[in-house]
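Fold and contact review
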Amino acid sequence: MCGIVGYIGHRNVADVLVKGLQSLEYRGYDSAGIAVIDYPDEEKSVQSPAVHIVKGVGKVAELKSMLAASPVSGRQGIGHTRWATHGGVTEINAHPHSDLSSRLVLVHNGIVENYRELRAELSVPEERYKSETDTEVIAQLLSSLYAGGGAREMIGALVALHGRLRGSFALVIMVKDIPGKIYCLRKGSPLVVGFSEEGEALCASDVPAILPYTQDVVYLDDGDIAELSAEGMRFWSAAGESLEKNETHIDWDVSMVDKGGYSHYMLKEINEQGAVLRSSMARRLSGEGEVDLSAELPWTKEDALAWKRIHIVACGTSYYASLVAERFLETITDLDIRVDVASEYRYRNLPVGPDTLAVFVSQSGETADTLAAERLAKARGARCLAVTNVIGSTLAREVDDILQLKAGPEIGVAATKTFMGQMAVLYLLSLYVGKLRGTLTEAYEKSVGGELLLLPYKIESILQQQELLYRLAILHSDARDFLFLGRGVSFPVALEGALKLKEISYIHAEAYAAGEMKHGPIALLDPRVPVVVITPQDDLHEKTFSNILEAKARKAPVIAIASEGDRSLDSAADNVFNVPTTLPVLSPFLTVVPLQLFAFFVAKLLGCDIDQPRNLAKSVTVE
Ligand code: AGP
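Sequence positions are assigned chain by chain, starting from 1 and proceeding in written order. Totals for whole chains, interfaces and linings use every residue, but because this is a predicted model, local features are given only for residues with pLDDT of at least 70 and side-chain atom pairs only at 80 or more, for both listing and counting. Excluding hydrogens and water, the side-chain values take into account all heavy atoms of the structure.

With that out of the way, let us pick up helix α18 (residues 588-605). Taking 1.5 Å as the rise per residue, α18 with 18 residues should run 26 Å; its terminal C-alpha atoms sit 26 Å apart, in good agreement. Just beyond α18, the residue with positive phi is Gly-607, at close to 75°. Secondary structure elements follow DSSP: runs of H or I no shorter than four residues count as helices, runs of E no shorter than two count as strands, and numbering proceeds from the N terminus. Expected helix span is given by 1.5 Å per residue-to-residue step, counting one fewer step than there are residues.

In this section: the environment of Met-233. Mapping Met-233 onto the fold places it in strand β13 (residues 232-236). For the pair formed by Met-233 and Val-425, sequence separation is 192 residues and the distance between their alpha carbons is 36 Å. Contacts were defined at the residue level, with two residues in contact if any of their heavy atoms lie within 4.5 Å. When residues no more than four places from it in sequence are discounted, the contact partners of Met-233 are Val-193, Gly-194, Phe-195, Val-218, Glu-227, Leu-228 and Glu-247.

To continue, consider the state of the cysteines. Our working definition of a disulfide is a cysteine sulfur pair at a distance within 2.5 Å. In total, this model carries 0 disulfides according to the counting rule given. Free of any disulfide, Cys-2 has its nearest cysteine sulfur in Cys-203, 14 Å distant. Accessibility expressed as a relative area gives 8% for Cys-2, which makes it buried. Considering cysteine sulfurs only, Cys-384 is the nearest to Cys-315, which forms no disulfide, with 15 Å between them. Relative accessible area decides the class of each residue, using a 1.4 Å probe on protein chains only: under 20% of the type maximum gives buried, over 50% gives exposed, and in between gives partly exposed.

Glancing now at helix α9 (residues 316-332). Between its first and last C-alpha, α9 extends 25 Å over 17 residues, near the 24 Å set by a 1.5 Å rise per residue. With 13 of 17 residues buried, α9 is to be regarded as a mostly interior element.

Moving on, we get to the site of the ligand. We call a residue near a molecule or strand whenever a single non-hydrogen atom of that residue lies within 4 Å of it. The local shell around the ligand holds 14 residues, among which Ser-318, Ser-362, Ser-364, Thr-367 and Glu-503 are the closest. Note that an oxygen atom of the ligand is positioned 3.1 Å from one of the backbone N or O atoms of Thr-317. The method behind every accessible area is Shrake-Rupley, applied with a 1.4 Å probe, and residues are considered shielded solely by the protein chains displayed. Surface burial for the ligand is 91%, taken as the share of its 410 Å² of free accessible area covered by protein chains. Contributing elements (two or more residues each) for the shell around the ligand: α9 and α16 (490-505). For the shell around the ligand, the leading source of residues is α9, giving 3 residues. Each polar contact in these results corresponds to two N or O atoms within 3.5 Å; when the atoms are within protein, one needs to be able to donate a hydrogen and the other to accept it, and residues that are neighboring in sequence are counted only if both atoms are side-chain atoms.

Here we come to the packing of helix α13 (residues 417-437) against α18. Orientation is described by lines fitted to C-alpha atoms, with helices fitted over the stretch in contact, and by angles between N-to-C directions that extend from 0 to 180 degrees. Relative orientation of the contacting elements α13 and α18 amounts to 170°, with a least axis distance of 11 Å. Regarding the angle of α13 to α18, the classification is roughly antiparallel. In this structure, α13 uses Phe-419, Met-420, Met-423, Ala-424 and Tyr-427 to contact α18, whose residues at the interface are Pro-588, Phe-589, Val-592 and Val-593. Only Asp, Glu, Lys and Arg are considered charged, only Ala, Val, Leu, Ile, Met, Phe, Trp, Tyr, Cys and Pro nonpolar, and every remaining residue, Gly among them, polar. A breakdown of the residues in the contact of α13 with α18 according to their chemical character gives 9 nonpolar, no polar and no charged. Roughly parallel means an angle under 35 degrees; roughly antiparallel means over 145; roughly perpendicular covers 65 to 115; every other angle is labelled oblique.

This part takes up the packing of aromatic side chains. We call Phe, Tyr and Trp rings a pair once their centres come within 6.5 Å, taking the six-membered ring for Trp, and we label the pair stacked below 30 degrees between planes, edge-to-face above 60, and tilted otherwise. In total, this model carries 9 aromatic pairs according to the counting rule given. In this scheme, Lys NZ or Arg CZ marks a charge over a ring once it lies within 6 Å of the ring centre and within 35 degrees of the ring normal. In this structure, Arg-278 packs its charged tip against the face of Tyr-457, placed 4.9 Å from the ring centre. Stacked on the ring of Tyr-506, the Lys or Arg Arg-614 has its end atom at 3.8 Å from the ring centre.

All right, on to the sheet that holds strand β12 (residues 225-229) then. Spatial ordering of the open sheet is given by β5-β6-β7-β8-β12-β13-β14, a layout of 7 strands whose pairing is antiparallel. Only two strands of the sheet have a single partner each, and these edge strands are β5 (97-98) and β14 (242-243). Running at roughly 125° to strand β6 (residues 104-112), helix α4 (residues 134-145) makes contact with β5, β6 and β7 (167-175) of the sheet. Note: two strands are recorded as paired if DSSP finds a minimum of 2 bridges between them.

The domain architecture assigned to the chain consists of domain 1 (3-250), domain 2 (266-462) and domain 3 (466-605). Source of the domain bounds: an automatic or database domain assignment. Computed from C-alpha coordinates alone, the two centres of domain 1 and domain 3 are separated by 47 Å.

For the pair helix α1 (residues 13-23) and helix α2 (residues 60-69), the least separation of the axes is 10 Å and the interaxial angle reads 170°. As summarised for this structure, α1 and α2 are arranged roughly antiparallel, according to the angle between their axes. Only Val-60, Leu-63, Lys-64 and Leu-67 of α2 make contact with α1, whose side of the interface consists of Ala-14, Val-18, Leu-21 and Gln-22. Split into classes, the residues belonging to the contact of α1 with α2 amount to 6 nonpolar, 1 polar and 1 charged.

Now the structure itself:
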């Protein structure tokens, strides 16, 4: 949600900002803008600093066209993509925003909760505000806190600003009378800064905007203030004390954030899933299928034996990956396992304390609900573990332990390869906990571990059959409702398949535990409602088969996702897509792939904006 970029350096600033905003488009937005300050220098005829703000509703491509028509120049600038919260989607509400006297200009990600109170207190006549945003109030407040004393005074003004704002914010600010500097202030919303070998300073809400210039970045913590200039980066705490910050090396390179020859990021990411599984298992699973996470998790047998329960908390796709893992975990440990959506978890009265292992699953590590749930569990003394793709994320920095997904950057808004990585890491975690607690036999560990190692090849064989899924998509892309059904581990796969379809094609899709169909959803069935049934070879196959017959009796078209060699469905289902055989408990790693591709092809046939579906943001940083 909202993307921020800031740059000081020798390149064309507007180009760097536009490129940076494009690399953050996945975050979701409805308008975009930049501000560039042109300062007088010896070579220029400019007499006083000129602030150029160019902004508008729509995509960054439209901003780019506006800049092509009216170019701006300068050595430093800030850019923003806005996902509307306070005030409608209009050019005036788009960022950057200035204070009323245009002394400073800033961009903001987050929500300032006390902006009405501040607006009243600033006693500026209402009609003088241009926008409806909380951001313009921040600009005005900062202007009132800064008397014009230059860089040194600015830090004090930012400390005071931090003390006055309630809510979450990442702010990037340029002040007209402080040339060559960009200021950053962070609380709650992510902000990362970097300095290139060529003497360029950058800041952004996520690393893809910085990666073309440097792979060494500093993640700002809550309350941190940063000052960027061509000389380097300096940091202060919320109390105004000078800080030393450590750099994090990002092992993603810039090629990982392009489409690599694919038409869409989502398609690229679906096709990367075999590789994601391999890297998620590397150095964690031996060639014999034995799991060892001791290099990342400093847990002893005593720690693990002290736990009474495991809570797994997440949102959206990450929640569905957690539900898959729940079913595996409950078969190999004796612990009480509970999986919950983060937005509910924190409002329940659950037993959570020092005897709880609390696992927070989040691709981005920035999801506001998941962070709030983690803070609650931490305050109650639980051992908190993050399963995340982003090592420098807020979640990763707040927990006791981290297991990284190693999926590489995921740009498509619809999560695919990180679902795969999450399942892999959660399965390894499950095996490890079972091993530490002594509830897992070596033979079972090796049989699951050995089969996990084969899954990348099996996924790659599914990816060879994309043509078949494309044909299925042609058959069904005019449907307005879909039902997805599955039992056991296939139920969360059904949930994920339905989520993918609705997110990117806007077709209504509901998922049910197959046994629940006759308790209500069966009323919806008729020849216009396709039913996708996930039914790999397992103990529940016969029962799900009965549900297929029930759907067929209502003339609903049935698409079955089944195991290779299963002939029982040939006459029962209208279409069958086969996945390679595996252990029943590992089937989600395979059955989810055709569902992702099916959703992709349906959305493509419908002409949808697959990588940036309407209304969605890649990381949901508001509750
Ligand atoms: C997935 O396709 C969705 N875009 C969404 O449900 C996502 O999984 C959810 O917002 C959680 O995000 P996180 O993993 O970054 O916490």
